[in-house]
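So the chains spell out like this:
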Amino acid sequence: MPRSNIDVELDSAHATWISSDVALFSTKTGNLLLLSLVYDGRTVQRLELSKSKASSLASCISTVGDAFFFLGSRLGDSLLVQFSCGLASSSSISRSVKDEAGEVEAETPAAKRLRRASSDISQDVVSGEELSLYNSTPNNSDSSQQKAFSFAVRDSLVNVGPLKDFTSGLRSNADLNATGVAKQSNYELVGCSGHGKNGSLCVLQQSIRPEQITEVELAGCKGIWTVYHKGSRSHASESAKLVPDEDEYHAYLIISLQSRTMVLETADTLGEVTESVDYFVDGCTISAGNLFGRRRVVQVYARGVRILDGGYMTQELCIEVPNADASSGSDNAVVSTVSIVDPYVLLKMTDGSIQLIVGDPATCTVAINSATISPSFADPIAACSLYHDKGPDPWLRKTSTDAWLSTGAADDLEVTDGSPQDQGDIYCVICRESGRLDLFEVPSFRCVFSIDKFTSGKNILVDTYLPDLPSDAQRTVKEETSEGDKQESGQNMKVIEIAMQKWSGQYGRPFLFGILSDGTILCYHAYFYEGQDNMVKMEGGSMVENAVNSISTSRLRNLRFTRVFLDSLTREEAEAGASGQRIVNFSNIGGYQGAFLAGTRPAWLMVCRERLRLHPQLCDGPIVAFTPLHNINCNHGFIYYTAQGFLKICQLPSLNYDNDWPVKKIPLRGTPHQITYFAEKNLYALIVSFPVSRPVSQVLPSLVDQDNNHLTEGDNIISEDAHKSYAVDEFEVRILEPAKSGSQWEARASVPLQTSENAISVRIVTLLNTSTKENETLLAIGTAYVQGEDVAARGRIILASIKQDSNNSDNWVNEVYSKELKGAISSLASLQGHLLIAAGSKIILHQWNGEELNGFAFYDAPHYVVSLNIVKKFILFGDIHKSIYFLNWKEEGAQLSLLAKDFGSLNCYATEFLIDGTTLSLVVSDDQKNIQIFYYAPKSMESWKGQKLLPRAEFHVGAHVSKFLRLQMLPTSLSDRTNRYALLCGTLDGSIGCVAPLDELTFRRLQTLQRKLVDVVPHVAGLNPRAFRRFRSNGNAHRPGPDNIVDCELLRYYEMLPLDDQLEIAHQIGTTRSQILINLNDLNVGTSFL
């Protein structure tokens, strides 16, 4: 068979069938290959292999349906690719691929493009190279009618793994005057991620710091709202009427102050128009919004409602409380909270009653609806809200009947009072002080869903309406409810704010939020559940039918809610008398939709793929009010007012928020290995390798040195291969400058290395120049020459100075010293003005005199040093096979002395010091995915007179920890220690964890709680969390260490338990629920890094 010019390696390739006769291969280099079976009847004539595209480095590939396949990647982003097949010539193939890609990009919304923006997305590359695997002459008909496949990336999942190394640096929009928790938002985590062409820098930020446009100092603000006005800019352009709703500019900004209201026009500039509009400006505004398709503005104040057409008032309603003589305090009842959903306005009064204002779209007028709920003095209303179930096929309608898939289901449930069916249904959510939650249809106020004891925080919420139960069953339910009410009244738990929202999307399901008086935030996600016979199980085990058919069909009997976990970082103690709205919905801020949570611990709740992503915003402290803003100078931005008295106009940073931490990937087109941060210049030094084609004579010099006389006939293949090119990795150290506001990351300079020289370690070190007695900050690079087994290992140490020169990139890095050493230089560190170098199996301490390095102290390591850590004069290093060693530097005798070591055989991955006040611990991770913590106790008998490090704790992480980063913890309410540090852990799976010290009393309490939760919390997939966290020794002898680590992954489930279970568990372990929540909250706040 004749040779082809295609070189294909199917080693580590993955394949799937995309049609009956075509298989798709993904190779280890990230190329897609098409293998076609050319057959005639039942006879396969030949196999044709052709190159198709370049994609991610795939770890798996699978066909999804008839038109999609999924490329899963451990080293890059995973892709969902749509393919289509046709019969065409090669020229039309190329054209169809490009056209398809263009259509995909054009049809994809902005938010979707943001989420799938990636360096790993397939490139539209069509190649005519083809390899026939059977030497048979193809028919002309086959070649003219070959299958043409076109591919288009429809979605991608961001992957930040494997995290080989990371460091923390200053953000571009940092506030250098910030202190406390706000100061943590000044920093970001920059990590080395991916491999090969999927290599990238991942910039991770746990909390959001908005891009500020402007700020104004303003005193006494209580609330802010932005409103639209249709036609307000029609004089500027007739096409403005055709602008989509999400792109329409806001018309007015309403600011409620202590005793008055300001109105600003949101045109090119924010100009105050308070005196020239008919808004109510002589008092506080409770709420504002739009009615009648944004043709009118509704403003609600304490005793009335105004309807405005732009700046002109068209109607005013005075709010009067019905049955004012029923209570002596009703005369003073005013509006407390407001919920606006076009064309309804729901008012909750201070006496606990509610009133519904109904709008008429034909006349653009409103009136108070008489069919409201009468106030109950025994069980007053605690919170209420309106919910709009949008769309031509509202989701909640499907839950009202078993035959929800039938075409006639929607026709049977005709909405009332003339609301257009394609606009959806509107419901009212009411929660009473007893904890009962009801869902009513609007405006008829017919109850369709009820929940008893909503404040208990059950995992599943079910309709508890039982109209036709026997008298015994009714008595049982009443007794159970009264007992629950008594228990909860002792806790004084009630709902202070309720919200229900479904964001746009064909498959969207509503979320239900509830804020309790103790600061707990309950979050539920609705789902459809079709029961067998709609039976309700009573306490005695008997089954009772839920309702008669005529009644049950009118209720949402197939509706269920499941609890969604929210981080306790959003938890806060509600202030007495605080009535401000905390949950503010938004439909498009920076291309994302969700809700903003105001208060002392503000946070963003972003809905991505029907999943809530919680991102805190800690940079400004407490936030009093928030509202979206979209105008010509602030494109899909927002305004918020801080407790310090500043009104800020901002935009979201351009990050991918569909992640546990917001992330931005900077493609490198190479493999990143190690990174370090130069704080003085705000620069990063990064080791990058990338493949370069070189002739085999440079890759394997021994082939060239062979004597041709000794070649046999079988060696002719070697002589032929000697003329080929092979891909080898070349290394360089790049100097990167982080992105400033609105710009990109830039490579300012690079330090090239010699052929076969690999950079292994890079650090910014501070050295004392013994000649000038001054400190110099230099870039230190440790390398190794990779030249095969026959050549003795050696490396090179490079010292370079960095200075910023915007005019000439060649002047950024200046090499000041270079020297070869025996052995590969695997680790570098600065020790009290000296340079500590791990070269091969030796650790050598060098002095710097401004011209050269002179070694004057050393220590012999067992095999190979993988990491070096310094705290004052103490040294911790990890050996690749012999665990960790603890050294001390004595300047008087100029010697490195061994204090203690671990005598076990541990394959180290990473090491670091853990500092808790005056206590110093040594942390190490190994190849079995464990973390061990040791301590030095020379006076203990078990330490063999101080020679042995004693175990303090051990823990199975479940992932290879490749890096520890020591960060200072924040003081909390129970602990004011400032010299306390936690370790941020990066793993090869792309996950990030944290190891933090605890006080003794807090640890004992949480450890007891953990042991209790092992028996209470259902195990995921039946896997016991206690067994999973045990140390894994892979069959080696290991003496179990002390159980001194608590698993916060398990402890966080305590807040997800129902309230009764939380109280019972706290009572059993001899503490209180509030004390446990304070401990968990303090741990969260103390580790609120980045």
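Thresholds applied
Residues numbered from 1 in each chain as written. Predicted model: local features only at pLDDT ≥ 70, side-chain atom pairs only at ≥ 80, totals over all residues. Heavy atoms only, no water. Helix = DSSP H or I, 4+ residues; strand = E, 2+ residues; numbered from the N terminus. Buried < 20%, exposed > 50% of the residue type's maximum accessible area, 1.4 Å probe, protein only. Contact = heavy atoms within 4.5 Å. Pairing = 2+ DSSP bridges. Axes fitted to C-alpha atoms, helices over the stretch in contact; angles between N-to-C directions. Parallel < 35°, antiparallel > 145°, perpendicular 65-115°, else oblique. Left-handed = near helix turned anticlockwise from the far one by under 90°. Nonpolar A, V, L, I, M, F, W, Y, C, P; charged D, E, K, R; others polar. Salt bridge = Lys/Arg side-chain N within 4 Å of Asp/Glu carboxyl O. pLDDT = per-residue confidence, 0-100. Phe/Tyr/Trp six-rings, centres within 6.5 Å; stacked < 30°, edge-to-face > 60°. Lys NZ or Arg CZ within 6 Å of the ring centre and 35° of its normal. Core = buried A, V, L, I, M, F, W, Y, C linked by side-chain atoms within 4.5 Å. Expected span 1.5 Å × (residues − 1). Polar contact = N/O pair within 3.5 Å; in protein donor to acceptor, adjacent residues only side chain to side chain.

Q: Please explain the overall build of the chain as it appears in this structure.
A: Across its full length, the chain holds 15 helices and 67 strands. Here the chain holds 1090 residues, and the buried ones make up 49% of them. Long-range pairs, those at least 24 residues apart, make up 60% of the contacts in the chain between residues at least 6 apart in sequence.

Q: When you look at the pairing of strand β45 (residues 671-678) in this model, what are you seeing that I'm missing?
A: A regular strand carries its side chains on alternate faces of the sheet. In terms of burial, β45 is a largely internal element, seven of the eight residues being buried. Here β45 runs beside strand β46 (residues 683-695); their pairing, made up of seven bridges, is antiparallel. Bridge assignment links isoleucine 675 to a residue of β46, and that residue is leucine 686. The hairpin turn running from β45 into β46, its antiparallel successor, is four residues long, and asparagine 682 in that turn takes a positive phi close to 55°.

Q: Before we go on, may I ask you to explain the sheet that holds strand β57 (residues 865-871) in this structure?
A: Strand pairing in a sheet is mediated by backbone hydrogen bonds. Such pairs are either parallel or antiparallel. Strand order in the open sheet formed by four strands is β57-β58-β59-β60, with antiparallel pairing between adjacent strands. Every interior strand has two partners, whereas the edge strands, β57 and β60 (895-901), have only one. On average, adjacent strands in this sheet sit at an angle of 25° to one another, irrespective of strand direction. Sheet analysis places strand β59 (residues 884-890) next to β60, joined by six bridges and oriented antiparallel. What sits directly across from phenylalanine 886, in β60, is alanine 900.

Q: What should I look at first to understand unusual backbone geometry in this one?
A: It is generally the case that most residues other than glycine have a negative phi and that most peptide bonds are trans. Omega for the peptide link from glycine 161 to proline 162 comes to -10°, which places this bond in the cis form. Take proline 162: it is sitting in the loop between β9 (147-157) and β10 (165-170). Following aspartate 342, the chain continues into proline 343 via a peptide bond in cis, with omega recorded as 5°. With respect to the helices, strands and loops of the structure, proline 343 is situated in the loop between β22 (335-341) and β23 (344-349). Its identity is not glycine, yet glutamine 832 carries a phi of approximately 50°, on the positive side. Structurally, the position occupied by glutamine 832 is in the loop between β53 (825-831) and β54 (834-839). Its identity as a non-glycine residue notwithstanding, lysine 929 has a phi of 70°, on the positive side. Within the secondary structure, lysine 929 is located in the loop between β62 (919-926) and β63 (930-935).

Q: Before we go on, may I ask you to explain the pairing of strand β18 (residues 285-291) in this structure?
A: Of all seven residues in β18, six are buried, a share of seventy percent or more. Looking at chain direction, β18 and strand β19 (residues 296-301) are connected through six bridges and run antiparallel. Its bridge partner being in β19, asparagine 290 is matched across the sheet by valine 297. Linking two consecutive strands that pair antiparallel, namely β18 and β19, is a turn of four residues; a positive phi of about 60° is found at phenylalanine 292 within it.

Q: Looking at this structure, I do not really get the packing of helix α11 (residues 1000-1016) against helix α15 (residues 1073-1086). What am I missing?
A: Direction vectors running N to C along α11 and α15 enclose 110°, while the axes themselves pass 11 Å from each other. On the basis of their axis angle, the class for α11 and α15 is roughly perpendicular. Here α11 and α15 pass one another in a crossing that is left-handed. Packed against α11, whose contacting residues are Thr1002, Arg1005, Leu1006 and Leu1009, the element α15 presents Gln1075, Ile1076, Asn1079 and Leu1080 at the interface. Along the lines of polarity and charge, the residues of the contact of α11 with α15 split into four nonpolar, three polar and one charged.

Q: How should the sheet that holds strand β30 (residues 460-462) be read in this particular structure?
A: Here we have five strands laid out as an open sheet, ordered β30-β36-β33-β32-β31, and antiparallel in their pairing. Of all strands in the sheet, those with a lone pairing partner are β30 and β31 (495-501), marking the two edges. Shown here is a sheet whose adjacent strand axes are inclined to one another by a mean of 25°, direction ignored. Where β31 lies against strand β32 (residues 511-516), six bridges are found, and the strand directions are antiparallel. The partner of valine 495 across the bridge, within β32, is leucine 516.

Q: How should the pattern of salt bridges be read in this particular structure?
A: Once the charged atoms of two side chains with opposite charge are near each other, the side chains can pair. Applying the stated criterion to the full structure yields 33 salt bridges. A salt bridge links lysine 963 to aspartate 165, with the nearest nitrogen and oxygen atoms 3.4 Å apart. Taken together, the positions of lysine 963 in strand β65 (residues 961-968) and aspartate 165 in strand β10 put the pair 798 residues apart, joining distant regions of the chain. Judged by its relative accessible area of 17%, lysine 963 is buried. Residue classification places aspartate 165 among the buried positions, given a relative accessible area of 3%. Each of the salt bridges in this network shares a partner with another, and the network as a whole consists of Asp155, Arg609, Arg613, Asp658 and Asp660.

Q: Before we go on, may I ask you to explain the confidence of the model for the chain in this structure?
A: Close reading of the predicted structure is inappropriate where its pLDDT is low. Counting all residues, the mean pLDDT for the chain is 81, and 80% of those residues have values of 70 or more. Low confidence marks residues 402-421, where pLDDT is under 50. Its contacts with residues over four positions away, or in another chain, come to 24 contacts. Segment residues 533-552 is flagged for pLDDT under 50; beyond a separation of four residues in sequence, or across chains, it makes 34 contacts in the model.

Q: Please explain the packing of aromatic side chains as it appears in this structure.
A: Throughout the structure, instances matching the rule amount to 30 aromatic pairs. On the numbers, 5.0 Å between centres and 5° between planes, the contact of phenylalanine 877 with tyrosine 885 is stacked. Taking relative accessible area as the criterion, phenylalanine 877 reaches 0% and is therefore assigned buried. Judged by its relative accessible area of 7%, tyrosine 885 is buried. Positioned over the ring face of tyrosine 785 is arginine 794, at 4.1 Å from the centre of the ring.

Q: I keep staring at the nonpolar core and nothing clicks. Help me out?
A: Counting residues in hydrophobic clusters, the biggest one holds 28 residues, and the most contacted among them are Leu396, Leu439, Phe454, Leu512, Leu559 and Phe561. Beyond its immediate sequence surroundings of up to four residues, phenylalanine 561 is in contact with Phe449, Asn459, Ile460, Leu461, Met500, Leu512, Tyr524, His525, Ala526 and Tyr527. Counting 19 residues, the second largest nonpolar core, distinct from the first, contains Phe678, Leu779, Ile781 and Ala800.

Q: Looking at this model, I keep getting lost on α11. Mind explaining?
A: Quick reminder: α-helices carry 3.6 residues per turn. Residues three or four places apart thus point the same way. Helix length check: α11 (17 residues) gives 24 Å between terminal C-alpha atoms against 24 Å at 1.5 Å per residue, within 8%. Burial in α11 covers these residues: Thr1002, Phe1003, Arg1005, Leu1006, Gln1007, Leu1009, Gln1010, Leu1013 and Val1014. Looking at the buried positions of α11, the neighbouring elements they touch are α12 (1025-1028), α13 (1048-1051), α14 (1059-1068) and α15.

Q: Would you mind going over α15 with me for this structure?
A: The terminal C-alpha atoms of α15 lie 20 Å apart, and with 14 residues this matches the ideal 20 Å at 1.5 Å per residue to within 8%. Here α15 has its buried residues at Arg1073, Ile1076, Leu1077, Asn1079, Leu1080, Asn1081, Asp1082, Leu1083, Val1085 and Gly1086. Close packing links the buried residues of α15 with α4 (181-184), α11, α13 and α14.

Q: Looking at this structure, I do not really get the environment of glutamate 737. What am I missing?
A: Residue position: glutamate 737 is located in strand β47 (residues 725-737). With 12 residues separating them in the primary sequence, glutamate 737 and alanine 749 have C-alpha atoms 9.5 Å apart. Beyond its immediate stretch of four places on either side in the chain, glutamate 737 contacts Leu683, Trp745, Glu746, Arg748, Gln804 and Trp812. In terms of polar contacts, glutamate 737 uses its side chain to reach the side chain of arginine 748, at 2.5 Å.

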